[in-house]
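Given next are the chains, with one letter for each unit.
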Amino acid sequence: MPDSSLSAALSLLPPGVEAVEAQPIGGSGSNRRYWRLLLSGGSTMIATVGTNLRENEAFIYLAERLSRAGVRVPQVVGVSADRMAYLQTDVGSRALFECLDRRDLIAKSMRLLVDAQTAPNIDYSRCFPVAEMSRRAVMWDLNYFKFCFLKTCPGLEYDESGLEDDFEALAEIITNAEPRGFMVRDFQSRNVMIGADDEPYLIDFQGGRLGPAHYDVASFLWQARARFAPELRAEMVSLYCRERRIDPERFSSDLRYFVVFRLMQALGAYGFRGRFERKDHFLKSIAPAIASLRTEITNISGLPTLASIIANPRFS
């Protein structure tokens with residue numbers, strides 16, 4: 001094999017099984033590396049080599065726990081002695097992002113989210129990098145937006161004190177929202193794969209933690225590049241609330257703040273991965289995320305400084 005970093009993962013293959021080809025899988029926002037292994041018997045498997053032990057441990061633990069709860073996720077079938085590499089089953093190469101004209105798959109994905117969020121008996125102390133979406137974690141995300149995106153907008157001036165007041169108000173809403181459960185953290189159409197059985201599978205959950213349910217719904221339905229129509233979003237929120245048996249009016253009222261929060265967090269990531277690391281996919285995501293955020297900020301109140309910043313033409 002041409003890539004020496006694969007060695008630990010390849011050693012985990014069953015006796016008599018060889019990888020005849022290793023195809024790199026790119027596009028991730030993390031430093032983990034993935035390969036699709038084409039095996040001698042004609043099947044495939046995913047090899048993962050990570051750089052953070054705790055992150056690897058979180059994925060391995062959560063994959064087992066979610067699978068036991070009946071959630072469709074990859075199965076971890078081998079782990080290296082140092083826990084830095086592992087093999088997982090291949091749940092498909094077609095992302096939901098490529099099938100956004102399939103309303104049935106979007107609805108199935110919402111049900112998949114409910115299954116993941118309500119999975120029982122998760123030991124949140126084993127989550128990475130934190131156990132829950134605490135006030136401190138919310139402020140990390142808000143400051144990520146501030147320093148990795150706002151500070152990169154040329155000529156943009158704003159009231160720092162007023163912005164901090166708005167951050168405090170938004171953090172209060174985010175941390176007190178109910179219901180709570182397993183928060184996937186990056187539930188979006190690129191992280192949902194459509195298997196050969198035409199069912200969705202969740203592949204990215206190692207950053208999951210205890211948190212408010214609204215965050216994942218906002219991440220999924222307001223993913224900037226997915227461009228879901230407002231009518232579809234409303235339909236899927238209603239479906240979600242029926243599946244969770246929660247009050248849709250109360251949920252939707254709080255959800256509006258999570259939409260703004262999630263778009264801000266995404267812009268922080270796009271600023272860092274795009275403007276600093278020069279990853280093209282993230283650079284392309286900036287403009288649609290800004291457009292969406294400018295629309296959504298008009299749906300909430302109580303954050304005047306933030307609203308004025310987002311409306312500023314230099315916010316770009």
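A brief structural summary.

### Observations regarding the overall build of the protein chain
At step 1: Secondary structure summary: the protein chain contains 10 helices and 10 strands in total.
At step 2: Expected size for 316 residues packed as a compact globule is a radius of gyration near 20 Å; at 20 Å, the protein chain falls within 12% of this value.
At step 3: Principal-axis analysis of the C-alpha atoms gives the protein chain an extent of 65 × 45 × 40 Å.
At step 4: The proportion of buried residues among the 316 residues of the protein chain is 52%.
At step 5: By sequence separation, contacts in the protein chain at least 24 residues apart represent 70% of the contacts at least 6 residues apart.

### Overview of the packing of aromatic side chains
At step 1: For the structure shown, the criterion picks out 11 aromatic pairs.
At step 2: Ring centres of Tyr 215 and Phe 261 lie 5.9 Å apart, and the angle between their planes is 65 degrees; on these two criteria the pair is classed as edge-to-face. Taken together, the residues span a long stretch of sequence, with Tyr 215 in helix α6 (residues 214-221) and Phe 261 in helix α8 (residues 248-276) at a distance of 46 residues. The same class applies to Tyr 215 as to Phe 261, namely buried.
At step 3: Relative to Phe 282, the ring of Tyr 270 lies with its centre 6.2 Å away and its plane at 45 degrees, an arrangement referred to as tilted. Of this pair, Tyr 270 sits in helix α8 while Phe 282 sits in helix α9 (residues 280-296), and the two are 12 residues apart along the sequence. Neither residue differs from the other here; Tyr 270 and Phe 282 are each classed as buried.
At step 4: One aromatic cluster is present, formed by Phe 59, Tyr 86 and Phe 205 through successive ring pairs.

### Observations regarding the environment of Gly 211
At step 1: Positionally, Gly 211 belongs in strand β10 (residues 209-212).
At step 2: For the pair Gly 211 and Met 133, spaced 78 residues apart in sequence, the C-alpha separation works out to 5.0 Å.

### Structural notes on the sheet that holds strand β6 (residues 94-95)
At step 1: With antiparallel pairing, the 3 strands of this open sheet are ordered in space as β6-β8-β9. Each end of this open sheet is capped by a strand with a single partner; those strands are β6 and β9 (200-202).
At step 2: With 3 bridges connecting them, strand β8 (residues 192-194) and β9 associate as antiparallel partners. Along β9, the bridge assignment pairs Ile 194 with Pro 200.
At step 3: In the packing of helix α3 (residues 103-117) onto the sheet, contacts are made with β8 and β9, and the angle to β9 comes to roughly 40 degrees.

### Topic: α3
At step 1: For α3, spanning 15 residues, the distance from its first C-alpha to its last is 21 Å, which sits close to the expected 21 Å at 1.5 Å a residue.
At step 2: The complete set of buried residues in α3 reads Leu 105, Ile 106, Ala 107, Ser 109, Met 110, Leu 112, Leu 113, Val 114, Ala 116 and Gln 117.
At step 3: In this structure, the buried side of α3 is in contact with α2 (53-68), β7 (180-183), β8, β9, α6 and α7 (230-244).

### Focus: helix α5 (residues 160-176)
Structural remark: α-helix, 3.6 residues per turn; residues separated by three or four positions point the same way.
At step 1: Over its 17 residues, α5 runs 25 Å from end to end, which matches the ideal 24 Å to within 8%, given 1.5 Å per residue.
At step 2: Along α5, the residues classified as buried are Gly 162, Leu 163, Asp 166, Phe 167, Leu 170, Ala 171, Ile 174 and Thr 175.
At step 3: Buried residues belonging to α5 abut α4 (135-148), β7, β10, α8 and α10 (304-311).
At step 4: Among the residues of α5, the N-terminal cap falls to Asp 159, whose side-chain oxygen and the backbone nitrogen of Ser 161 are separated by 3.1 Å.

### Focus: the pattern of salt bridges
At step 1: Applying the stated criterion to the full structure yields 25 salt bridges.
At step 2: The closest approach of N and O atoms between Glu 64 and Arg 68, which form a salt bridge, is 2.6 Å. Within this pair, Glu 64 and its partner Arg 68 are both found in helix α2, separated by 4 residues, close to a single helical turn.
At step 3: A relative accessible area of 33% means that Glu 64 is categorised as partly exposed.
At step 4: Overall, Arg 68 belongs to the exposed group, its relative accessible area being 59%.
At step 5: In this structure, Glu 277 engages Lys 279 in a salt bridge whose closest nitrogen and oxygen atoms are separated by 3.5 Å.
At step 6: Using a relative accessible area of 31% as the deciding quantity, one classes Glu 277 as partly exposed.
At step 7: Take Lys 279: its relative accessible area is 27%, and that puts it in the partly exposed class.
At step 8: Taken together, the salt bridges that share partners define one network made up of Arg 94, Arg 102, Asp 104 and Asp 198.

### Concerning the nonpolar core
At step 1: Residues Phe 205, Leu 267 and Phe 315 are the most contacted members of the largest nonpolar core, which totals 88 residues.
At step 2: Leu 13, Ala 19, Ala 22 and Trp 35 belong to the second-largest nonpolar core, a separate cluster that totals 14 residues.

### Observations regarding the sheet that holds strand β3 (residues 44-49)
At step 1: Taking strand neighbours across the sheet as the criterion, the 5 strands line up as β1-β2-β3-β5-β4 in an open arrangement whose pairing is antiparallel. In this open sheet, the two edge strands, each paired with only one partner strand, are β1 (19-25) and β4 (76-79). Shown here is a sheet whose adjacent strand axes are inclined to one another by a mean of 25 degrees, direction ignored.
At step 2: Here β4 pairs with strand β5 (residues 85-89) via 3 bridges, running antiparallel.

About the cut-offs
- Residues numbered from 1 in each chain as written.
- Predicted model: local features only at pLDDT ≥ 70, side-chain atom pairs only at ≥ 80, totals over all residues.
- Heavy atoms only, no water.
- Helix = DSSP H or I, 4+ residues; strand = E, 2+ residues; numbered from the N terminus.
- Rg over C-alpha atoms; globule rule 2.2 N^0.38 Å.
- Buried < 20%, exposed > 50% of the residue type's maximum accessible area, 1.4 Å probe, protein only.
- Contact = heavy atoms within 4.5 Å.
- Phe/Tyr/Trp six-rings, centres within 6.5 Å; stacked < 30°, edge-to-face > 60°.
- Pairing = 2+ DSSP bridges.
- Axes fitted to C-alpha atoms, helices over the stretch in contact; angles between N-to-C directions.
- Expected span 1.5 Å × (residues − 1).
- Polar contact = N/O pair within 3.5 Å; in protein donor to acceptor, adjacent residues only side chain to side chain.
- Salt bridge = Lys/Arg side-chain N within 4 Å of Asp/Glu carboxyl O.
- Core = buried A, V, L, I, M, F, W, Y, C linked by side-chain atoms within 4.5 Å.

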